[in-house]
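Residue-level structure breakdown
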Amino acid sequence: MSMIEIKNLHKWYGDFHVLKGINDHVDTGEVLVICGPSGSGKSTFIRCINRLEDYQKGSIIFDGKDILDKSVNINELRAEIGIVFQQFNLYPHLTVLKNVTLAPQKVRNTPREEAEETALKLLDRVGIHDQAHKYPAELSGGQQQRVAIARALAMKPKVMLFDEPTSALDPEMINEVLNVMKDLAREGMTMLCVTHEMGFAREVADRVVFMDGGEVIEQAPPEEFFKNPQHDRAKLFLKEIL
Ligand code: ADP
Ligand code: MG
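Residues numbered from 1 in each chain as written. Chains lettered and ligands numbered in written order. Predicted model: local features only at pLDDT ≥ 70, side-chain atom pairs only at ≥ 80, totals over all residues. Heavy atoms only, no water.

1. Concerning the state of the cysteines
According to the stated counting rule, one finds zero disulfides in the structure shown. Free of any disulfide, Cys35 has its nearest cysteine sulfur in Cys193, 12 Å distant. We classify Cys35 as buried; its relative accessible area is 0%. The thiol of Cys48 is unpaired, and the distance to the nearest cysteine sulfur, on Cys193, comes to 17 Å. (Disulfide = S-S within 2.5 Å. Buried < 20%, exposed > 50% of the residue type's maximum accessible area, 1.4 Å probe, protein only.)

Pasting the structure below:
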């Protein structure tokens, strides 16, 4: 069963037509890698899925329900569809532990002790349980990004969106974040990952989606996409990043 269905999605920023009719469906447990040149609409697309951006035409169905339906609570939606950004966006004035426990307490009404217990388990899972009482600025970029992942997971999301989660990291920290993402993928999380980490795509993606100019130009399983891209724009893109 499809967890997310995207039907003829169009978005304009003012006069600028940024998404030009995207259609897709994402199955439960599926891992998508979305790639394409800068400015092709990748961030805009995934931000529409948890309503960080509005759109003017088409629909997004999540778990059988249109996300614009009046009965959909936007905070619940964002809890179920977690997102991790390029810039980690942690709350700088809160400890790591508080960063992870805040939303479950506020949105899910989880009691503090339970939220902390879950948070410590998640921090352990992403390899930084010993950093729980530090502030974000005391952590490396790779550690901060793993906190951001733990924070999203604390809401027990059904889907995780990643928007170039390793692009702001020093090279030696990229793998520690990718490894956490690979584990998640292997554990069956449904994931849409905007990334140019093609090793990651090869290892865990079920499908690579190539966007250009606000459209999905091509999509294929990774081995097929890398070996035999069909469109010139995809060929050029691969030549530039590989
Ligand atoms: P990508 O993530 O693929 O680099 P984006 O989705 O960020 O692409 O942006 C797609 C296009 O939309 C770009 O041309 C960008 O300049 C434009 N854009 C992005 N955000 C805004 C905004 N808030 N207002 C106007 N234009 C925007
Ligand atoms: Mg982007």
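2. Some points on the side chain of Lys11
Tracing the backbone through its elements, the reader meets Lys11 in strand S1 (residues 2-13). From its side chain, Lys11 meets the backbone oxygen of Asp54 in a polar contact 2.8 Å long. Aside from chain neighbours lying at most four places away, what touches Lys11 is Phe16, His17, Val18, Leu19, Thr44, Cys48, Glu53, Asp54, Tyr55 and Gln56. (Helix = DSSP H or I, 4+ residues; strand = E, 2+ residues; numbered from the N terminus. Polar contact = N/O pair within 3.5 Å; in protein donor to acceptor, adjacent residues only side chain to side chain. Contact = heavy atoms within 4.5 Å.)

3. Topic: the packing of aromatic side chains
Enumeration according to the criterion identifies three aromatic pairs in this entry. With a centroid separation of 5.6 Å and 70° between ring planes, the pair formed by Phe225 and Phe226 is classed as edge-to-face. Looking at Phe225, the relative accessible area reads 0%, which means it is buried. When its relative accessible area of 10% is taken as the criterion, Phe226 is described as buried. (Phe/Tyr/Trp six-rings, centres within 6.5 Å; stacked < 30°, edge-to-face > 60°.)

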